[in-house]
Amino acid sequence: MTADIHITPLHDWLSIPPGPLVIAGPCSAENERQVMETAAKLALIPGVHVFRAGIWKPRTRPGSFEGVGTRGLKWLCKAREETGLMLTVEVANPGHVREALDHGIDILWIGARTVVNPFAVQEIGEAIGNPDIPVMIKNPLNPDLKTWVGAIERLNRMGFHKLIAIHRGFSFFNRSLYRNAPMWEIPIELKRLCPALPVLVDPSHICGNRELIPGTIQKALDLEMHGLMIEVHHHPSKALTDKNQQISPDALKTMLASLIIRNESGPPEFESKLEALRSEIDKLDAELLEILARRMNIVEEIGEYKKANRITILQIRRWNQLIHERIENGISLGLSREFLTRLLQAVHEEGIQRQLNVMNTEEKLQPPSHFKIDEHTKSDQDHDPRNQGE
Ligand code: PEP
Ligand code: MN
């Protein structure tokens, strides 16, 4: 399934050379000097074409610096005049939109806290009015792909077709190295659902600290993302917001120069070798599915046999033995214990379900997350009805 969205390709409306789109600038516009100095340095870095700065800052708690407001837009306009960089700012309500458009801001972006609210997205779209204005949509704070796609679809249905998604990571209850967990599978799924949509990475808000930024950008580019929006400050340690994750213009220059830009396609010999390997994978996958289907048929046959002989499905000894053997086999073939455990668990659950269907019981299995294979099964688990064997 793909989402029904119609996008104008990035390079049709943004006159930049081929290569990743780099949007850089401070988390917040703080004063005219900071904006002018940062923009002047960024304009000298090859590949930087758009200047970002937060004018109205969404802060978690009141009382902290909430942005300089409308007067900052004048500094941005001056920076554009002097450097030729295009401008982008975050808009969170119709008032912001009017101010930004009055100052001719080139690209608007909707932040993570706003994207979660369909009413707000609708109001912002209506306030922008002109569907030729480019809009970037960050992912919502929580790992919710549907809401992200929904906001993109909503704007697209309102006529906006110059759209860009920005992956800024997700709040996550577990402690992690990252300020916002990257959960790469979500932007990858977004790319699958909306193949024409350009997706940028925001390494600053994903990482929350400078050290993790280069690896995060490289990973995003290796996953075929189309560029980045990164926070850059002329004196990062003095920044009024997000100082741990801002880098200097010089650091950005070095970082961009060290990135490896891989091609999406290669020379003919590479392509034909890739094609051969891919068709081998296709063949193996087809065999794998056929084998799984055959295995399930046999499991059902066993179910019929147990039913005819009034034998229960519970066969814990067999299951324990099977798990140990399979995992050891798999490890000797170079597969990881974690992968084997997950795979066998899924196969086993499907087998149990098939046998339950054969037995005609109404009972359904618990959701998979409640059901864990423990290789070193303890005796009390022998009485747990979820530990059923084929
Ligand atoms: C920002 O880019 O400055 C910002 C506030 O980001 P987010 O909406 O991703 O938190
Ligand atoms: Mn920020």
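Rules used in this analysis
Residues numbered from 1 in each chain as written. Chains lettered and ligands numbered in written order. Predicted model: local features only at pLDDT ≥ 70, side-chain atom pairs only at ≥ 80, totals over all residues. Heavy atoms only, no water. Helix = DSSP H or I, 4+ residues; strand = E, 2+ residues; numbered from the N terminus. Rg over C-alpha atoms; globule rule 2.2 N^0.38 Å. Buried < 20%, exposed > 50% of the residue type's maximum accessible area, 1.4 Å probe, protein only. Areas by Shrake-Rupley, 256 points an atom, 1.4 Å probe, with all protein chains shown as cover. Lys, Arg positive; Asp, Glu negative; His and termini not counted. Charge placed at Lys NZ, Arg CZ, Asp CG, Glu CD. Domains from an automatic or database assignment. Near = heavy atom within 4 Å. Polar contact = N/O pair within 3.5 Å; in protein donor to acceptor, adjacent residues only side chain to side chain. Nonpolar A, V, L, I, M, F, W, Y, C, P; charged D, E, K, R; others polar. Donors = N, O, S within 2.8 Å, 3.2 Å for Na, K, Ca; no water. Pairing = 2+ DSSP bridges. Axes fitted to C-alpha atoms, helices over the stretch in contact; angles between N-to-C directions. Phe/Tyr/Trp six-rings, centres within 6.5 Å; stacked < 30°, edge-to-face > 60°. Patch = residues over 30% accessible without salt bridge, like charges linked within 9 Å, V, L, I, M, F, W, Y side chains within 5 Å. Salt bridge = Lys/Arg side-chain N within 4 Å of Asp/Glu carboxyl O. Contact = heavy atoms within 4.5 Å. Disulfide = S-S within 2.5 Å.

Chemist: Could you clarify how one ought to interpret the overall build of the chain in this entry?
Modeler: Each helix and strand in the chain was counted, giving 14 helices and eight strands. Taking 2.2 N^0.38 as the reference for a compact globule, 390 residues should give roughly 21 Å; the C-alpha atoms of the chain span a radius of gyration of 27 Å, well beyond that estimate. C-alpha atoms of the chain, sized along the principal axes, occupy 85 × 55 × 40 Å. Every one of the 390 residues in the chain was classed for burial, and the buried ones make up 44%. Split by element, the accessible area of the chain, about 20800 Å² in all, is 54% carbon and sulfur. Averaging the positions of the 46 positive and the 51 negative side-chain charges in the chain gives two centres separated by 5 Å.

Chemist: What exactly am I supposed to notice about the domain arrangement of the chain here?
Modeler: How big an interface is tends to be reported as the loss of accessible area on association of its parts. One can read the domain layout of the chain as domain 1 (10-258) and domain 2 (268-363 + 383-387). Using C-alpha coordinates to define each centre, domain 1 is positioned 45 Å away from domain 2.

Chemist: Looking at this structure, how should I read the site of ligand 1?
Modeler: In the region of ligand 1, the neighbouring residues are Arg52, Lys57, Pro58, Glu90, Trp109, Gly111, Ala112, Arg113, Lys138, Arg168, His205 and Glu231. Lys57 places a polar side-chain atom, nitrogen or oxygen, 2.8 Å from an oxygen atom of ligand 1. When ligand 1 sits alone it has 300 Å² of accessible area, and the protein chains cover 97% of it. Here the residues of the shell around ligand 1 are counted per class, giving three nonpolar, two polar and seven charged.

Chemist: I'm lost on the coordination of the manganese ion (ligand 2) in this one. Help?
Modeler: Six octahedral donors around a metal ideally subtend angles of 90 or 180 degrees, whereas four tetrahedral donors ideally subtend 109.5 degrees. Around the manganese ion (ligand 2), the protein supplies Cys27 (SG), His205 (NE2), Glu231 (OE) and Asp242 (OD) as donor atoms, at distances of 2.1 to 2.4 Å. Between consecutive donor residues of the manganese ion (ligand 2), the sequence gaps follow C-x177-H-x25-E-x10-D. Of this pair, His205 sits in helix H9 (residues 203-207) while Asp242 sits in the loop between strand S8 (227-231) and helix H11 (249-258), and the two are 37 residues apart along the sequence.

Chemist: Just checking my understanding: could you explain the sheet that holds strand S5 (residues 135-138) for this structure?
Modeler: The strands that make up a sheet pair up through hydrogen bonds in the backbone, lying either parallel or antiparallel. Pairing is parallel around the closed barrel formed by eight strands, whose spatial order is S1-S2-S3-S4-S5-S6-S7-S8. Between one strand and the next, the sheet's axes are offset by a mean angle of 30°, whatever the strand orientation. Here strand S2 (residues 48-52) pairs with strand S3 (residues 86-90) via three bridges, running parallel. Looking at the pairing, Arg52 lines up with Thr88 of S3.

Chemist: I keep staring at the packing of aromatic side chains and nothing clicks. Help me out?
Modeler: What characterises a pair of aromatic rings is the spacing of the ring centres plus the angle enclosed by the ring planes. In this structure the tally under the stated criterion is one aromatic pair. Centroid distance Trp148 to Phe170: 6.4 Å. Interplanar angle 75°. Geometry classified as edge-to-face. Taken as a pair, Trp148 in helix H7 (residues 145-157) and Phe170 in the loop between strand S6 (163-167) and helix H8 (185-193) lie far apart in primary sequence, 22 residues in all. In this structure, Trp148 and Phe170 share a single accessibility class: buried.

Chemist: Please explain a nonpolar patch on the surface as it appears in this structure.
Modeler: A cluster of nonpolar residues, Leu333, Leu335, Phe339 and Leu343, forms a patch on the protein surface that exposes about 380 Å² of accessible area. With respect to the element layout, Leu333 can be found in the loop between helix H13 (316-332) and helix H14 (337-359).

Chemist: So what exactly am I meant to see when it comes to helix H10 (residues 213-222) here?
Modeler: Structural remark: α-helix, 3.6 residues per turn; residues separated by three or four positions point the same way. Three or more residues of H10 are buried, namely Ile213, Thr216, Ile217, Gln218, Ala220 and Leu221. Buried residues along H10 sit against strand S7 (199-201), H9, S8 and H11. Just past H10, the residue Glu224 takes up positive phi, approximately 65°.

Chemist: In this structure, what is going on with the environment of Met229? I would like to understand it.
Modeler: Within the secondary structure, Met229 sits in strand S8. What makes Met229 buried here is its relative accessible area of 1%. A sequence separation of 206 residues divides Met229 from Ile23, and the C-alpha atoms of the two residues are 4.5 Å apart. Apart from residues no more than four positions distant in its own chain, Met229 is found in contact with Ile23, Arg52, Trp109, Met136, Lys138, Ile166, Val201, Asp202, Pro203 and Ser204.

Chemist: Quick question: what am I supposed to make of the pairing of S8 here?
Modeler: Of all the five residues making up S8, five are buried; the element is thus mostly covered by neighbouring parts of the structure. Along S8, one buried face is formed by Gly227, Met229 and Glu231 and the opposite face, lined by Leu228 and Ile230, is buried too. As paired elements, strand S1 (residues 21-25) and S8 share five bridges and run parallel to each other. From the neighbouring strand, Ala24 faces S8, where its bridge partner is Ile230. As paired strands, S7 and S8 are joined by two bridges and run parallel to one another. Directly across from Val201, in S8, lies its bridge partner Leu228.

Chemist: What is the right way to look at the state of the cysteines in this model?
Modeler: Covalent bonding between the sulfur atoms of two cysteines defines a disulfide. As enumerated under the stated definition, the model contains zero disulfides in all. Here Cys207 stays unpaired: no disulfide links it, and the sulfur of Cys27, its closest cysteine neighbor, is 14 Å away.

Chemist: I would appreciate a short explanation of the environment of Ala127 in the present structure.
Modeler: Secondary-structure assignment places Ala127 in helix H6 (residues 118-128). Taking the relative accessible area as the measure of exposure, Ala127 reaches 25% and is therefore partly exposed. Through-space distance from the C-alpha of Ala127 to that of Lys219 is 36 Å; in sequence the pair is 92 residues apart. Sequence-distant contacts of Ala127, defined by excluding residues within four places in its chain, comprise Pro94, Val97 and Leu101.

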